[in-house]
Amino acid sequence: MAPLSRATLQGLALAKVEDARLLYVNQRHSNAYYLYGYGVELGLKACVARYIIAETIPDKAILTRFLTHRLGDLVSLAGLNSTLIERCKDAEFGTRWAVVAEWSEESRYDIIDAVVSAAMHDAVEHQTHGVMTWLKQSW
């Protein structure tokens, strides 16, 4: 795997969300759901990348934790736990985060219906209370 800069991770996150949107609009719900979650994962990894100092090898435990697909673990690694708790006090965001937090990389094997896909679409892309809006502010 080639080195990934923070800017590259940000671009990949946005690209996955754009691809998910195209799939969602075309009623490809399972793949849209998966890519929305993957976009959030990459967005969180972009947040973690803020803490990587050039010409410094991060602690092995950090590198191992960075490779996870578990969104909650990435929130913690990115130092966003308190920010997320505060943000979730807004019920509109909290409800959307709960939808996104259900995602896992194993969802690529699931058949996702239109209702679940629509909930993920809204949770990730809502202009004011969406998870990607929050992540962009955290980049």
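See the structure above.
The paragraphs below set out a description of the structure included in this document. Once a new chain begins, its residue numbering starts again from 1 and follows that chain's sequence as written. Thresholds applied to this predicted model are a pLDDT of at least 70 for local features of residues and 80 or more for the giving and counting of side-chain atom pairs; totals over whole chains, interfaces and linings are not thresholded and use all residues. Water and hydrogen atoms were dropped before computing side-chain values, which therefore reflect all heavy atoms in the structure.

**Focus: the pattern of salt bridges**
We count a salt bridge whenever a side-chain nitrogen from Lys or Arg sits within 4 Å of a carboxyl oxygen from Asp or Glu. For the structure on display, the rule yields seven salt bridges. Glu92 is the salt-bridge partner of Arg96, the closest N and O atoms lying 2.9 Å from each other. Note that Arg96 and Glu92 are positioned in helix H6 (residues 91-101) at a spacing of four residues, about one turn of the helix. Throughout, exposure labels follow a simple rule: accessible area from a 1.4 Å probe, protein chains only, divided by the maximum for the residue type, with under 20% read as buried, over 50% as exposed, and the rest as partly exposed. With relative accessibility at 12%, the residue Arg96 sits in the buried group. Here a helix means four or more residues in a row that DSSP labels H or I, a strand means two or more in a row labelled E, and each is numbered from the N terminus.

**Focus: the environment of His69**
On the secondary structure map, His69 appears in the loop between helix H3 (60-66) and helix H4 (71-77). By relative accessible area, which is 30% here, His69 ends up partly exposed. Spatially, the C-alpha atom of His69 lies 6.3 Å from that of Glu105, the residues being 36 residues apart in sequence. Note on contacts: a residue pair is in contact if any heavy atoms of the two residues lie within 4.5 Å. If we ignore the near neighbours within four places in the chain, the residues touching His69 are Glu41, Trp103 and Glu105.

**Let's talk about helix H2 (residues 29-49)**
To estimate how far a helix should extend, the number of its residues minus one is multiplied by 1.5 Å. Along its 21 residues, H2 runs 30 Å from first to last C-alpha, staying within 8% of the 30 Å computed at 1.5 Å per residue. When you tally the buried positions in H2, you get 19 out of 21 residues, the bulk of the element.

**Things to note about the environment of Tyr109**
Looking at the secondary structure, you find Tyr109 in the loop between H6 and helix H7 (114-125). With relative accessibility at 59%, the residue Tyr109 sits in the exposed group. Sequence separation of Tyr109 and Ser30 is 79 residues, and the distance between their C-alpha atoms is 8.6 Å.

**Regarding the nonpolar core**
Buried residues of nine kinds, namely Ala, Val, Leu, Ile, Met, Phe, Trp, Tyr and Cys, make up a nonpolar core once their side-chain atoms join them within 4.5 Å. Ranked by size, the top nonpolar core spans 35 residues in total, and within it Val40, Trp97, Val100 and Leu135 carry the most contacts. Looking at this core, the elements that each hand over two or more residues are helix H1 (6-25), H2, H4, H6, H7 and helix H8 (131-138). In terms of residue count, the dominant contributor to this core is H2 (11 residues). Here Val40 is in contact with Leu71, Val100, Val124, Val131, Met132 and Leu135, once residues within four sequence places are set aside.

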